[in-house]
Amino acid sequence: MPILDYQTAGESHGAALITILTGLPRGLTLDLDLINGELLRRQGGYGRGGRQRIERDVVEFLAGTRQGKTIASPLCMRVVNKDSRMDDGARTPPVYRPRPGHADLAGSIKWLTTDCRETLERASARETAARVAAGAVAKCLLREVGIEVFGFVRQILDAGTEVEVTEENWRSLRERRDASETYCPDERVTERQCAIIRQAKIDKDTIGGIVEAHIFGCPPGLGSCMDWRTRLDARLAYAVMGVQAMKAVEIGLGRACASRPGSAVHDPIRFDPARRGDHTLGFTRDTNNAGGTEGGITNGQPVVVKATMKPISTLLRGLPSVDLNTKQPEMSQYERSDICAVSAASVVVECVAAFEVARALTEKFPSDSMIELKRGIESYLEYARSLPLDPPTMTIA
Ligand code: EPS
């Protein structure tokens, strides 16, 4: 049975963005509203550029479905680019003055050309629409087994919210996030963030920030410490760092662990019989500094990932650069871009994190069909709840 995986194809101004997803169990309902809703959210957020007024990203299923459900074959999705002009030399002219911070210079040297367009078309964050489509499908799968994902903007430049996200309050925070122009569940901070972005526009500059994703309802036991490649925290870091413009990824308390003693970092373990029946099996914590993973394995607490996005490298005022043909100093070339795409990045990070959890879930419970996946999870939790067996030393051969 193929493992859950995906690949994307497509350039910023090519015909379309394609996602091919393999390893989905049969019988997963593909919620088109959910998937297109995520694509729409990715297009939004205060500070986005002109491209989002041209596009209206919607997904088309080209293969892998029947009557709105997966049939276990590779799922092929397409998002058509309205602004498609790759082969129109006049409308996609060569770029010889690389933008510091973009893939322009390194890619041009790598692929032996002085035209940065060859690299930038694929390096563009437009490709994240394809990754959001994959992550949204993963969200459909996770939702069927009671796992939900919540992503938001924590900080833009120096305007950050101190809001604490819990299993109890995240749904109301989601409403506040959805009412915010910057996807930040804090009205006053949203206003400051918008003001920062407005000023950056005047200054012809760009702005970065911090986004966060929280994943609720994960059963304990996803990911493994037996092989470093299968540690869920490592997989999350890989996937999130793989998103355009990310410069740091943290799990749970992250970097703040360094300035606290162990007694103020590690989350004391308690047992609450009232929660024995849910996915925690009754093991609760007062804090979740570990961010839901210990040893790279989910422990029943919410999985928490934080990512830092650098400011977009296309500045309207340009940055000192060099003409790759003449080697003379020049300002970097301007390509239409965003002033701030941190809000969009919060959707992308949420989606790539959801995909990694779905991948870990299907690795622990390999299933041809959704029925088997659900039963596999249930019987595992039931068995885990029954431990220790009677007598306590008894093991199953
Ligand atoms: C993006 C589309 C792109 C850029 C942006 C993200 O479209 P265009 O280049 O036609 O304006 O606005 O890409 C970048 C930030 C980048 O660095 O390349 C999108 O759909 O998200």
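Use the structure listed above.
Residues numbered from 1 in each chain as written. Predicted model: local features only at pLDDT ≥ 70, side-chain atom pairs only at ≥ 80, totals over all residues. Heavy atoms only, no water.

## Quick word on the overall build of the protein
When helices and strands are counted, the protein shows 10 helices and 17 strands. For 397 residues, the compact-globule formula gives about 21 Å, and the C-alpha radius of gyration of the protein, at 22 Å, lands near that figure. Looking at the protein as a whole, 50% of its 397 residues qualify as buried. If you take every contact in the protein between residues at least 6 apart in sequence, the share linking residues at least 24 apart comes to 71%. (Helix = DSSP H or I, 4+ residues; strand = E, 2+ residues; numbered from the N terminus. Rg over C-alpha atoms; globule rule 2.2 N^0.38 Å. Buried < 20%, exposed > 50% of the residue type's maximum accessible area, 1.4 Å probe, protein only. Contact = heavy atoms within 4.5 Å.)

## Overview of the site of the ligand
As a structural note, the neighbourhood of the ligand is formed by 14 residues, with His-13, Arg-42, Arg-51, Gln-52 and Arg-336 the closest of them. Within the side chain of His-102, one N or O atom sits 3.1 Å away from an oxygen atom of the ligand. Within the complex, the protein chains bury 92% of what would otherwise be the 470 Å² of accessible surface of the ligand. Residues of the shell around the ligand, tallied by class, amount to 2 nonpolar, 6 polar and 6 charged. (Near = heavy atom within 4 Å. Polar contact = N/O pair within 3.5 Å; in protein donor to acceptor, adjacent residues only side chain to side chain. Areas by Shrake-Rupley, 256 points an atom, 1.4 Å probe, with all protein chains shown as cover. Nonpolar A, V, L, I, M, F, W, Y, C, P; charged D, E, K, R; others polar.)

## Here's the deal with the packing of helix 1 (residues 32-43) against helix 5 (residues 128-144)
One can describe the packing of helix 1 onto helix 5 by two numbers: an axis separation of 9 Å at closest approach and a directional angle of 140 degrees. Put simply, helix 1 runs oblique to helix 5. As helix 1 runs across helix 5, the sense of the crossing is right-handed. Listed contacts from helix 5 to Leu-34, Ile-35, Glu-38, Leu-39, Arg-41 and Arg-42 of helix 1 are Thr-128, Ala-129, Val-132, Ala-133, Ala-136, Val-137, Lys-139, Cys-140 and Arg-143. Class assignment of the residues belonging to the contact of helix 1 with helix 5 gives a composition of 9 nonpolar, 1 polar and 5 charged. (Axes fitted to C-alpha atoms, helices over the stretch in contact; angles between N-to-C directions. Parallel < 35°, antiparallel > 145°, perpendicular 65-115°, else oblique. Left-handed = near helix turned anticlockwise from the far one by under 90°.)

## Side note on the sheet that holds strand 15 (residues 303-309)
Read from one edge to the other, the open sheet built from 5 strands follows the order 8-7-9-15-10, with strand pairing classed as antiparallel. At either end of the open sheet lies a strand with only one pairing partner, and these are strand 8 (159-160) and strand 10 (246-251). As judged from the 7 bridges shared by strand 9 (residues 209-216) and strand 15, these two strands associate in the antiparallel manner. If you follow Gly-209 over to strand 15, its bridge partner there is Met-309. (Pairing = 2+ DSSP bridges.)

## Observations concerning the sheet that holds strand 3 (residues 60-63)
As summarised here, the arrangement of the 4 strands in space is 1-2-6-3, forming an open sheet in which the pairing is antiparallel. Each edge of the open sheet carries a strand with a single partner, namely strand 1 (5-9) and strand 3. Averaged over all neighbouring strand pairs, the angle between strand axes comes to 25 degrees, with direction disregarded. Examined bridge by bridge, strand 3 and strand 6 (residues 75-80) share 3 bridges and lie antiparallel to one another. Looking at the pairing, Phe-61 lines up with Met-77 of strand 6. Packing against the sheet, helix 5 makes contact with strand 1, strand 2 (16-22) and strand 6, and its axis sits at approximately 35 degrees to strand 2.

## With respect to the environment of Ala-133
Within the fold, Ala-133 resides in helix 5. Take Ala-133: its relative accessible area is 0%, and that puts it in the buried class. The sequence separation of Ala-133 and Glu-187 amounts to 54 residues, and the corresponding C-alpha distance is 29 Å. Apart from the residues within four sequence positions on either side, Ala-133 is in contact with Thr-19, Ile-35, Leu-39, Val-59 and Met-77.

## Here's the deal with the nonpolar core
Residues Leu-21, Val-137, Leu-141, Leu-142 and Leu-361 are the most contacted members of the largest nonpolar core, which totals 77 residues. The biggest single contributor to this core is helix 9 (residues 342-364), with 14 residues. Among residues more than four places away in sequence, those in contact with Leu-141 are Leu-24, Pro-25, Leu-28, Ala-358, Leu-361, Met-370 and Leu-373. If you look at the next biggest cluster of nonpolar residues, it comprises 7 residues, including Phe-150, Val-165, Leu-173 and Phe-216. (Core = buried A, V, L, I, M, F, W, Y, C linked by side-chain atoms within 4.5 Å.)

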